[in-house]
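A structural walkthrough
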Amino acid sequence: MTEVPLLRAESVTKTFIVGGGPLTKAKVIKAVDQASFTVEREENVVLLGESGCGKSTLGKLTLGLLKPNSGRIEYEGKDIWALDKRGFSDFRRNAQVVHQDPYTSLNPVRTIYQSLAPAMIQNKAVSAKEAYNSVRELLSLVGLVPPEDFLDRYPSRMSGGQMQRVTLARAISLRPKYIVADEAVSMLDASLRLGAVDLMLDLQKRFGVSYLFITHDFGISRYFIKKSRGKMMVMYLGSLVEIGDGDSVVRSPIHPYTRILKESIPVPDPKIARGRPIPQLRSLEIPRLEETPSGCKFHTRCPHAIDICSTEVPLLRRVGTKLVACHLAGQFL
Amino acid sequence: MLKVRGLTVGFRVPRGILKAVDNLDLDVYENEVLGLVGESGCGKSVLAHTILKVVDPNGFVDGGQILFEDKDVLNMSHDELRKYRWSDVSIVFQGAFNSLNPVMKVFEHMVDTTVSHEGRTKEWIKERSNELLQMVRLDSGAVLGRYPHELSGGMKQRVVAAMAMLLKPKLLILDEPFSALDMLTQKFFLKILIDIRKQTGASMMFITHDLAPVAEIADRVAVMYCGVIVEASGVNEIFYNPKHPYTRALLSSIPSVVGEAEDLRPVPGPLPDPVNPPSGCAFHPRCLYATDACSKLRPPLENSGGGSLVACHRWRELR
């Protein structure tokens, strides 16, 4: 791939300082630690991790909503923090987001039309006259039919699934090239989740966007990536620990953390579920973010850890078809 | 052991009456783990609360009966209720680990739980707490003297489960016990629940929106949709031979991490509006097999053989 990737993160690190009042000492939290990856055009990237691992922070960094402490975010080959004002707003128009909670991401005192139209008019995607028709089209595109029923509705008169479709419509309204979907389907009920993923993939086919699909749900991310083209990345305490094409990370995980995660996920099949071994962990407690372990961050819980794991930070390296950050990877294959 | 018959629970909401539970029948047997599965708003939590007779102020029981070992729960006096709660049936509410009092130590919580049940000495409570905390794999010596903020989320959840078992209830109700735990902790907690069950022989009612953990822990599964039980049978029957179209649809929409998982299908249509539920069978607008009769007549919960129950007009044809 000689082409310039749509988005590239290079050794991106983001720290937050919390506390620091008259009685408490300020603590430094490393939310994202030296993360590097690329998103190609029309490629999907799944970012998988447990709550608090920094996956949302990484998503915000790629959108330019947070500025990294070190490292670069490049969009179409250009460092987004070196762009001029015009270039940056151009980037922000091309990079959109769908948040986790549809209930709080729509303004409750605006109708759906009022939520969708201003951004399109302001960005001169459509004229004020055409806006009505464009919003109608958008709504039917995301399956809210007939659109006339929804245009003048307030969010309080819609279900969670319908609201999530509106936030998707809003995200694609400016025809972006990159969308961060931050736990976009996690709040939906089981019977609606697959439908929402299908809709996202359908929009991708029409408009050629790339998704960064952030989730904690192994199963849904596998469904998402199997139906499209892309890769999956696993994050633990701010570091990417495993990256693999397609659903290979779920199918044959290498990193001990990914393996244990997979073994912990309940399987909707009584016979398989009851025959599975209990994952062996050295410690059940997740280390606190302000004092992440030295060396490999997983070594305090890893059943395979040896001396080197507590002293040296493992870097992502190629193991088979994947990138894995583990000193012992290769022995596990 | 527990018999629910024709139970209807309504709520007064601005738009009218919301029937959270609608003419529902359910049994829980001795020494069994029942998984109660349903999506948000189907009334599963309301059902659990009503079993303990704790219904929100805007809710009311509009008919039906709850019998626990032939005692009529809904007509119990204040005193009887106090004895019934926690020593016959106890509940771990959704998000219960946030309900620990921040200024009380774990041991004080244990004492507090037993206050309204006479005849327990401090020594008895201490001994019983030790035993239970060990059962949930906590270091009881250290944990009893701690305040909630000194414990992690997973530890708090285990403390709450131990509290619920303190008075040796015959039935333990767990309402979405996993919803705020991370995946590794979830798995561990599930194992602990299986252990508790083995050691105490208590029955459990395990309420969740997620079918997957049910496959591991339940003996029997009841599937709830829009205030009614649509199917109830043994766990293998539900997973390998589901009869109700809703159960089938739900099963085929869970992506699994094992196997190839190719034949996944999303369930069409939105969830029903509980204030204005669809006529007849509530699932008919989303059902692939619906006929005219389905929109007119509500199917009864009938025996489909082998102790299985299903509420569908067409279950015989759909093999």
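Please refer to the structure higher up on the page.
Summarised in this report is the structure supplied together with it. (Residues numbered from 1 in each chain as written. Chains lettered and ligands numbered in written order. Predicted model: local features only at pLDDT ≥ 70, side-chain atom pairs only at ≥ 80, totals over all residues. Heavy atoms only, no water.)

For the rest of this paragraph, the subject is the overall build of chain A. In terms of regular secondary structure, chain A is built from 13 helices and 12 strands. Scaling as 2.2 N^0.38, a compact globule of 333 residues should have a C-alpha radius of gyration of about 20 Å, and chain A matches this with 21 Å. Burial analysis of chain A (333 residues in total) assigns 54% to the buried set. By sequence separation, contacts in chain A at least 24 residues apart represent 61% of the contacts at least 6 residues apart. The distance from the centre of the 46 positive side-chain charges to the centre of the 34 negative ones in chain A is 1 Å. (Helix = DSSP H or I, 4+ residues; strand = E, 2+ residues; numbered from the N terminus. Rg over C-alpha atoms; globule rule 2.2 N^0.38 Å. Buried < 20%, exposed > 50% of the residue type's maximum accessible area, 1.4 Å probe, protein only. Contact = heavy atoms within 4.5 Å. Lys, Arg positive; Asp, Glu negative; His and termini not counted. Charge placed at Lys NZ, Arg CZ, Asp CG, Glu CD.)

In this section: the interface of chain B and chain A. With 43 residues of chain B at the interface, the matching set in chain A holds 42 residues. Carbon and sulfur atoms supply 63% of the area buried between chain B and chain A, which totals about 3,600 Å² over both sides. When the buried surface of chain B facing chain A is broken down by residue, B:Met183, B:Leu184 and B:Val257 rank first, second and third, together holding 23% of it. There are 6 residue pairs in polar contact (both at pLDDT 80 or more) connecting chain B and chain A. Put simply, the parts of the chain that give the side of chain B that touches chain A at least two residues each are helix H6 (153–165), helix H7 (183–200), helix H8 (211–217) and helix H9 (235–240) of chain B. If one sorts the elements of the side of chain B that touches chain A by residue count, H8(B) sits on top with 6 residues. (Buried area = accessible area lost by both parts, 1.4 Å probe. Polar contact = N/O pair within 3.5 Å; in protein donor to acceptor, adjacent residues only side chain to side chain.)

Attention now moves to the sheet that holds strand S2 (residues 27–39) of chain A. All names here are of chain A. As summarised here, the arrangement of the 4 strands in space is S2-S1-S4-S5, forming an open sheet in which the pairing is antiparallel. Two strands in the sheet have a free side with no partner beyond their single neighbour: S2 and strand S5 (78–79). The pairing of strand S4 (residues 70–75) with S5 spans 2 bridges and is classified as antiparallel. Across the sheet, residue Tyr75 finds its bridge partner in S5, namely Lys78. Contacting strand S1 (7–18), S2 and S4, helix H1 (residues 55–63) crosses the sheet at an angle of about 60° to S2. (Pairing = 2+ DSSP bridges. Axes fitted to C-alpha atoms, helices over the stretch in contact; angles between N-to-C directions.)

Before going further, it helps to examine the environment of A:Asp245. Among the structural elements, A:Asp245 can be located in strand S10 (residues 239–245). The sequence separation of A:Asp245 and A:Val185 amounts to 60 residues, and the corresponding C-alpha distance is 22 Å.

Residues and elements named next belong to chain A. With mixed pairing, the 8 strands of this open sheet are ordered in space as S6-S7-S8-S3-S9-S10-S12-S11. The strands lining the two open edges of the sheet, one partner per strand, are strand S6 (95–98) and strand S11 (317–319). On average, each strand axis in the sheet is tilted by 20° relative to the strand beside it, whichever way the strands run. Note that strand S9 (residues 230–236) and S10 share 6 bridges and pair antiparallel. Each bridged residue has a counterpart across the sheet, and for Tyr236 the counterpart in S10 is Ser239. Sheet strands touched by helix H7 (residues 160–172): S6 and strand S7 (178–182). Its angle to S6, the strand with the most contacts, is close to 175°.

To continue, consider unusual backbone geometry. Residue and element names in this part refer to chain B. For Asn31, which is not a glycine, the phi torsion comes out positive at approximately 50°. Overall, the relative accessible area of 45% leaves Asn31 in the partly exposed class. A positive phi angle, near 50°, is found at Lys168, a position not held by glycine. With respect to the element layout, Lys168 can be found in the loop between H6 and strand S8 (171–175).

Residues and elements named next belong to chain B. Two elements in contact, helix H4 (residues 122–135) and H6, have axes whose closest approach is 9 Å; the angle formed by their N-to-C orientations is 130°. When the axes of H4 and H6 are compared, the pair comes out oblique. Crossing of H4 against H6: the hand is right-handed. Together, Arg128, Leu132 and Leu133 of H4 and Val159, Ala162 and Met165 of H6 make up the contact between the two elements. Partitioning the contact of H4 with H6 into residue classes produces 5 nonpolar, no polar and 1 charged. (Parallel < 35°, antiparallel > 145°, perpendicular 65-115°, else oblique. Left-handed = near helix turned anticlockwise from the far one by under 90°. Nonpolar A, V, L, I, M, F, W, Y, C, P; charged D, E, K, R; others polar.)

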